[in-house]
Amino acid sequence: MPARTVRFKQVDVFTSVPLKGNPLAVVFDADALDAQQMQAIAHWTNLSETTFLLKPTDPAADYRVRIFTTHGELPFAGHPTLGTAHALLESGYQPKQSGKLVQQCGVGLVELEALTEAANTTNTADQAHGAWAFAAPPARITPLAADRYAALSTALRSDAVDFSAAPCAVDNGAPWLVVRLNSARDCLALEPDSAALAELVHSVDTHGLAVYGPHDADGPATFEVRCLMAGGGFGIGEDPVTGSANAALAGLLSAQQRRPGKRYTARQGTVLGRAGQVSVHYDDARGKTWIGGSSVTIIDGTFLLP
C-alpha cells in the first residue's frame with residue numbers, strides 16, 4: 001500500500017509573534033485515522049496537544065476535531081480550539097456563517113467568533129492576524145475544602161495565596177485547580193513542590209494548577225497566569241498559554257463576583273520566555289464568556305501517515 005500524506009500545519013496560539021505562544025500541531029483530512037493512530041501521531045509530535053480535523057457528524061457544526069495530548073485524548077482544550085480554527089480558515093475554508101464557526105468536539109458544540117465581533121477589540125494586532133475567540137463551555141465548580149488550605153500553601157511553598165477567593169476545582173472539559181495569589185509578582189515567583197502539588201490536585205480530580213495574580217494598574221495585563229500540569233491527561237511541566245484554564249478562571253471570577261470589568265486581559269508564559277496574550281469578554285447580553293487571541297502559522301506542509 002503506498003504511503004499517504006495529509007495537509008499539516010503547526011501554529012503558535014495566543015500570539016501574533018512567532019515562537020512566543022503555545023504551539024499546536026493540526027492534521028487535516030483525518031477521517032480515516034483511528035484513535036490509536038491519532039495517539040501515535042500526537043506522541044510523535046511531542047507537543048502539548050495535536051488536533052485532527054474531521055467531517056462533522058452534527059449538521060450544526062462546521063467541522064469536528066479530536067484533541068490529543070502525548071498520552072491521551074481531551075474532550076476540550078482552549079488553545080487547540082483557536083489554533084485549529086486558524087489553520088482551517090487559513091486553508092481556505094469558508095464558514096457556514098461569516099465571522100462565526102461551530103466546532104464539534106468531545107464536550108459537544110463550541111461556538112467561535114472573529115475576535116472583533118466577540119469582543120469588539122480595538123487591538124490592531126488582533127485584527128491584523130484574524131484573531132478569534134471561543135465561547136467558554138459550561139463548567140463544574142467545586143471549592144477546595146478549607147482543611148486543605150495549609151496543604152496548598154505548603155505545596156506551593158508560598159504564603160501569598162489569597163484565600164479570600166476560595167481555591168476551586170473547575171472542570172470545563174479540562175479540569176484545573178484555580179488558585180489566586182496576592183499579586184502577579186507572587187505568581188511569577190512560585191517554585192512549588194511538584195510531588196506535593198500533584199498529590200493535591202489529583203485529590204480533587206484535576207490534572208493541574210491554574211494560578212493567577214493581579215498586575216498593578218499600569219501592568220502589561222490584568223492578570224498574570226501560570227498553569228502547572230501534574231500528569232493525568234495534561235502531561236507534566238508548565239504550559240505556555242492555556243485557553244481552558246483561562247476560561248476556567250473567567251468563569252470562577254464571575255461566580256465569585258470578582259470580575260475586574262466587562263473585559264480583561266491575561267498574560268501567560270512569562271517564566272518560559274513566551275508572551276501569551278489572552279483576551280476575555282463577558283458577553284452578558286448573550287450569556288457567554290469569550291476567550292480569544294491571535295494565532296500565527298509556523299509550519300505549513302504535509303504529514304506522512306504511518
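Reading the values: rules and limits
- Residues numbered from 1 in each chain as written.
- Predicted model: local features only at pLDDT ≥ 70, side-chain atom pairs only at ≥ 80, totals over all residues.
- Heavy atoms only, no water.
- UniProt positions renumbered as here; feature names shortened; annotations may be inferred.
- Helix = DSSP H or I, 4+ residues; strand = E, 2+ residues; numbered from the N terminus.
- Buried < 20%, exposed > 50% of the residue type's maximum accessible area, 1.4 Å probe, protein only.
- Contact = heavy atoms within 4.5 Å.
- Polar contact = N/O pair within 3.5 Å; in protein donor to acceptor, adjacent residues only side chain to side chain.
- pLDDT = per-residue confidence, 0-100.
- Patch = residues over 30% accessible without salt bridge, like charges linked within 9 Å, V, L, I, M, F, W, Y side chains within 5 Å.
- Areas by Shrake-Rupley, 256 points an atom, 1.4 Å probe, with all protein chains shown as cover.
- Salt bridge = Lys/Arg side-chain N within 4 Å of Asp/Glu carboxyl O.
- Domains from an automatic or database assignment.
- Buried area = accessible area lost by both parts, 1.4 Å probe.

Visitor: Is there a simple way to explain the UniProt feature "active site" (unreviewed entry) in the protein chain in this structure?
Guide: As recorded in UniProt, the sites labelled "active site" (unreviewed entry) are Glu-49. Looking at where Glu-49 falls in the secondary structure, it is placed in the loop between α1 (35–45) and β3 (50–54). What makes Glu-49 buried here is its relative accessible area of 9%. Excluding anything up to four places from it in sequence, Glu-49 contacts Leu-24, Ala-25, Ile-67, Phe-68, Thr-69, Leu-74, Ala-77, His-79 and Pro-80. Within the local environment of Glu-49, its side chain forms a polar contact with the side chain of Ser-48, the two groups lying 3.0 Å apart.

Visitor: Got a minute to help me understand the side chain of Asn-246 in this structure?
Guide: Summarising the element assignment, Asn-246 is placed in helix α8 (residues 243–255). Look at Asn-246 and you get buried, because its relative accessible area is 0%. Among the polar contacts listed, one links the side chain of Asn-246 to the backbone oxygen of Thr-242, at a separation of 2.8 Å. If near-sequence neighbours (up to four positions away) are discounted, Asn-246 is found in contact with Val-225, Tyr-264, Ala-266, Gln-268, Val-278 and Ile-291.

Visitor: Any chance you could explain the confidence of the model for the protein chain here in plain terms?
Guide: Low pLDDT marks stretches whose predicted atomic positions should not be read closely. With 94% of its residues at a pLDDT of at least 70, the protein chain reaches an overall mean of 93. This stretch, residues 120–128, has a pLDDT under 50; its non-local contacts, to residues over four places away or in other chains, come to 13 contacts.

Visitor: I tried to follow a nonpolar patch on the surface on my own but got confused; where do I start?
Guide: A cluster of nonpolar side chains, Leu-19, Ile-298 and Ile-299, forms an exposed patch at the surface whose accessible area comes to about 280 Å². In this structure, Ile-298 sits in strand β18 (residues 295–304).

Visitor: I'm lost on the environment of Gly-72 in this one. Help?
Guide: When you line up the elements, Gly-72 lands in the loop between β4 (63–68) and β5 (73–74). Looking at Gly-72, the relative accessible area reads 16%, which means it is buried. Residues Gly-72 and Pro-192, 120 residues apart in the sequence, show an inter-C-alpha distance of 25 Å.

Visitor: Help me understand the environment of Lys-262 in this model?
Guide: Of note, Lys-262 is situated in the loop between α8 and β15 (263–268). C-alpha of Lys-262 to C-alpha of Leu-177: the two residues are 85 residues apart in sequence and 24 Å apart in space. Ignoring anything within four residues of it in the chain, the contact list for Lys-262 reads Val-280, His-281 and Tyr-282.

Visitor: How should the domain arrangement of the protein chain be read in this particular structure?
Guide: Note on interface size: it is often stated as the accessible area lost on association of the parts. Parsing the protein chain into structural domains produces domain 1 (4–136 + 292–305) and domain 2 (140–287). Summarising the inter-unit geometry, the C-alpha centres of domain 1 and domain 2 are found 23 Å apart. Between domain 1 and domain 2, the contact holds 26 residues from the first and 22 residues from the second. Between domain 1 and domain 2, the buried area comes to about 1,700 Å², and carbon and sulfur atoms account for 48% of it. Contact with domain 2 buries area across many residues of domain 1, yet Phe-14, Lys-20 and Phe-76 alone supply 29% of it, more than any other trio. The salt bridge partner of Glu-113 is Arg-286, with a shortest N-O separation of 2.8 Å. At the junction of domain 1 with domain 2, the criterion picks out 8 residue pairs in polar contact (both at pLDDT 80 or more).

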